[in-house]
Amino acid sequence: MTRAVVLGASGQIGRVAVGALARDGWEVTALSRSGGRDAGWPEEVRAVTCDREDDAALSAAVGDGCDVLVDMVAFGEGHARQLVSLAGRVGSAVVISSMSVYEDDKGRNFDTQAEPDGFPEYPVPVTEEQRTVPPGDTSYITRKTALERELLAAGDRLPVTLLRAGAVHGPYCRTPRELYFVKRNLDGRRRRVLAYGGASRFHPASVHNIAELIRLAAPRPGTRVLNAVDEEAPTVAEIGAAIDAVMGVETEDVLLDGPPAGGVGDTPWSVPVPVVCDMTAARRELGYRPVVEYAETLPETVAFIEERLAGRDWREAYPKMSANYGDLFDYAAEDAWLATRRA
């Protein structure tokens, strides 16, 4: 038996990863600010309260050492240096990054998307060799790039597998894109407007597939960067239809050829060009094969969202969704647009 320490164990990826490692024979210490346990974890998992910002607490949790440290919540150079400082007691690390660190050959990225002609046009699919944004501390993606650069530079002291996750989905997500279709169906909206002809593709990543990548990387120390997405990247129209099937409803799609009309037709997946990643490197480096497909995971995702929404305003249930995407459910504007279109 070998020892694994998991930072951010109570999050959506951490919950599944802890279970996957424990069932694979690892002695797992699960660290989170709450110190809570997931009902699906084996009894042998040790849950410990630990704020990753507290260097002393993290050092104490690692103790005499561990074979692998898995970090779900690392951002920026500071967290990278914190991990590297443990190199003498940690055999290797597996750290969650994001596919949002990529930029296209014109320097466009997700930070520039609000600018005119600012949305990146990536090759399809994007490989790990694609250039990334300059590191910094000004945004989510510049901090993720700074984290990556610092860890890769110290790879001789602490071997690290960086997993660039796509649009993560599964229970316990604080920003579930599936909320868009689930709430509309619960509200009885049987017509929906989809921009870009409903053909937008923004690569999803199941917590189960990411956990499988973590499980495979843990016993294989090395310094590498790997994409972490599902096998398929369905279109936004296909995602809506799959959620409809889970919820047992029928919905008519009204397709816009171009961008959203004053917000009408916008969804959390709506992008003007495909954002699709390549998984060849993970198959080659780790022998990875996906354990689930997107549609297979939807029943548990939909059920979790429905339970969380019950009796609550969606902004209260998912405040980060409101902050990130604004008013996703402006039905009055949508009805006005539909009425104008019919006229």
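Please refer to the structure higher up on the page.
Draft legend 1. Just the environment of Phe119, in detail. Tracing the backbone through its elements, the reader meets Phe119 in the loop between β5 (90-98) and α4 (140-153). Separated by 153 residues in sequence, Phe119 and Pro272 have C-alpha atoms that sit 7.8 Å apart. Not counting residues up to four positions away in its chain, the partners in contact with Phe119 are Asp104, Arg108, Phe110, Thr112, Gln113, Val271, Pro272, Val273 and Val275.

Draft legend 2. Seen up close, the nonpolar core. Counting 74 residues, the largest nonpolar core has Leu21, Ile210 and Ile214 as its most contacted members. Not counting chain neighbours up to four residues away, the residues in contact with Leu21 comprise Ala4, Val6, Trp26, Val28, Val70, Ile214, Arg215 and Ala218.

Draft legend 3. Quick look at helix α9 (residues 294-309). Under the 1.5 Å per step criterion, the end-to-end length of α9 is 22 Å for 16 residues, consistent within 8% with the ideal 22 Å. Of all bends in α9, the biggest is about 30 degrees, found at Glu300. Taken residue by residue, α9 has Tyr294, Thr297, Leu298, Thr301, Val302, Phe304, Ile305 and Leu309 as its buried positions. Looking one or two places after α9, you find Gly311, whose phi comes out positive at around 70 degrees.

Draft legend 4. Highlighting a negative patch on the surface. On the surface, Asp51, Glu53, Asp54 and Asp55 cluster together into a negatively charged patch. On the secondary structure map, Asp51 appears in the loop between β3 (46-49) and α2 (55-62).

Draft legend 5. The packing of helix α5 (residues 179-186) against α9, seen in detail. Where α5 meets α9, the closest approach of the two axes is 10 Å, and the angle between their N-to-C directions is 60 degrees. The orientation of α5 relative to α9 falls into the category oblique. Helix-helix and strand crossings are classified by hand; for α5 and α9 the assignment is right-handed. Residues Leu179, Val182, Lys183 and Leu186 of α5 form the contact with α9, whose own contacting residues are Val302, Ile305, Glu306 and Leu309. Here the residues of the contact of α5 with α9 sort into 6 nonpolar, no polar and 2 charged.

Draft legend 6. A look at the sheet that holds strand β4 (residues 66-71). The 7 strands lie next to each other as β3-β2-β1-β4-β5-β6-β10, forming an open sheet whose pairing is parallel. Edge positions in the open sheet fall to β3 and β10 (224-228), since each of these has one partner strand only. Neighbouring strand axes in the sheet, compared pairwise and without regard to direction, differ in orientation by 20 degrees on average. Looking at chain direction, β5 and strand β6 (residues 160-165) are connected through 6 bridges and run parallel. Paired with Ser98 across the strands is Ala165, a residue of β6. The strands touched by α2 are β1 (3-7), β2 (27-32), β4 and β5; relative to β1, the strand with the most contacts, the crossing angle is about 155 degrees.

Draft legend 7. Expanded view of the pattern of salt bridges. Summed over all chains, the structure comprises 22 salt bridges. Between Asp24 and Arg215 there is a salt bridge; the shortest N-O distance is 3.3 Å. Taken together, the residues Asp24 in the loop between α1 (12-23) and β2 and Arg215 in helix α6 (residues 207-217) connect sequence positions 191 residues apart. Among the ionic pairs, Arg164 bridges to Glu148, the shortest N-O distance being 2.6 Å. Residue Arg164 is found in strand β6, and its partner Glu148 is found in helix α4; the two are separated by 16 residues along the sequence. Each of the two residues, Arg164 as well as Glu148, counts as buried. Each member of the salt-bridge network shares a partner with another, and the members are Asp104, Arg108, Asp117 and Glu121.

Draft legend 8. Inspection of the packing of α1 against α6 at higher detail. In contact at an axis separation of 8 Å, α1 and α6 are set at 50 degrees when each is read in the N-to-C sense. Considering their axes alone, α1 and α6 lie oblique with respect to each other. Relative to α6, α1 is oriented so that their crossing is right-handed. On α6, the residues touching Gln12, Ile13, Val16, Ala17, Ala20 and Leu21 of α1 are Val207, His208, Ile210, Ala211, Ile214 and Arg215. The residue inventory of the contact of α1 with α6, partitioned by class, reads 9 nonpolar, 2 polar and 1 charged.

Draft legend 9. Representation of the packing of aromatic side chains. Counted under the stated rule, the structure contains 10 aromatic pairs. Ring centres of Tyr180 and Phe181 lie 5.2 Å apart, and the angle between their planes is 80 degrees; this geometry places the pair in the edge-to-face category. Taken as a pair, Tyr180 and Phe181 share a single burial class, namely buried.

Draft legend 10. Representation of the environment of Ala323. Topologically, Ala323 is positioned in helix α11 (residues 319-325). In sequence terms Ala323 and Arg177 are 146 residues apart; their C-alpha atoms lie 13 Å from each other.

Draft legend 11. Broad picture of the pairing of β10. In terms of burial, β10 is a largely internal element, 5 of the 5 residues being buried. Note that β6 and β10 share 5 bridges and pair parallel. Bridge pairing links Thr161 to Arg224 in β10.

About the cut-offs
Residues numbered from 1 in each chain as written. Predicted model: local features only at pLDDT ≥ 70, side-chain atom pairs only at ≥ 80, totals over all residues. Heavy atoms only, no water. Helix = DSSP H or I, 4+ residues; strand = E, 2+ residues; numbered from the N terminus. Contact = heavy atoms within 4.5 Å. Core = buried A, V, L, I, M, F, W, Y, C linked by side-chain atoms within 4.5 Å. Buried < 20%, exposed > 50% of the residue type's maximum accessible area, 1.4 Å probe, protein only. Expected span 1.5 Å × (residues − 1). Bend = angle between axes of the 7 residues up to and from the residue. Patch = residues over 30% accessible without salt bridge, like charges linked within 9 Å, V, L, I, M, F, W, Y side chains within 5 Å. Areas by Shrake-Rupley, 256 points an atom, 1.4 Å probe, with all protein chains shown as cover. Salt bridge = Lys/Arg side-chain N within 4 Å of Asp/Glu carboxyl O. Lys, Arg positive; Asp, Glu negative; His and termini not counted. Charge placed at Lys NZ, Arg CZ, Asp CG, Glu CD. Axes fitted to C-alpha atoms, helices over the stretch in contact; angles between N-to-C directions. Parallel < 35°, antiparallel > 145°, perpendicular 65-115°, else oblique. Left-handed = near helix turned anticlockwise from the far one by under 90°. Nonpolar A, V, L, I, M, F, W, Y, C, P; charged D, E, K, R; others polar. Pairing = 2+ DSSP bridges. Phe/Tyr/Trp six-rings, centres within 6.5 Å; stacked < 30°, edge-to-face > 60°.

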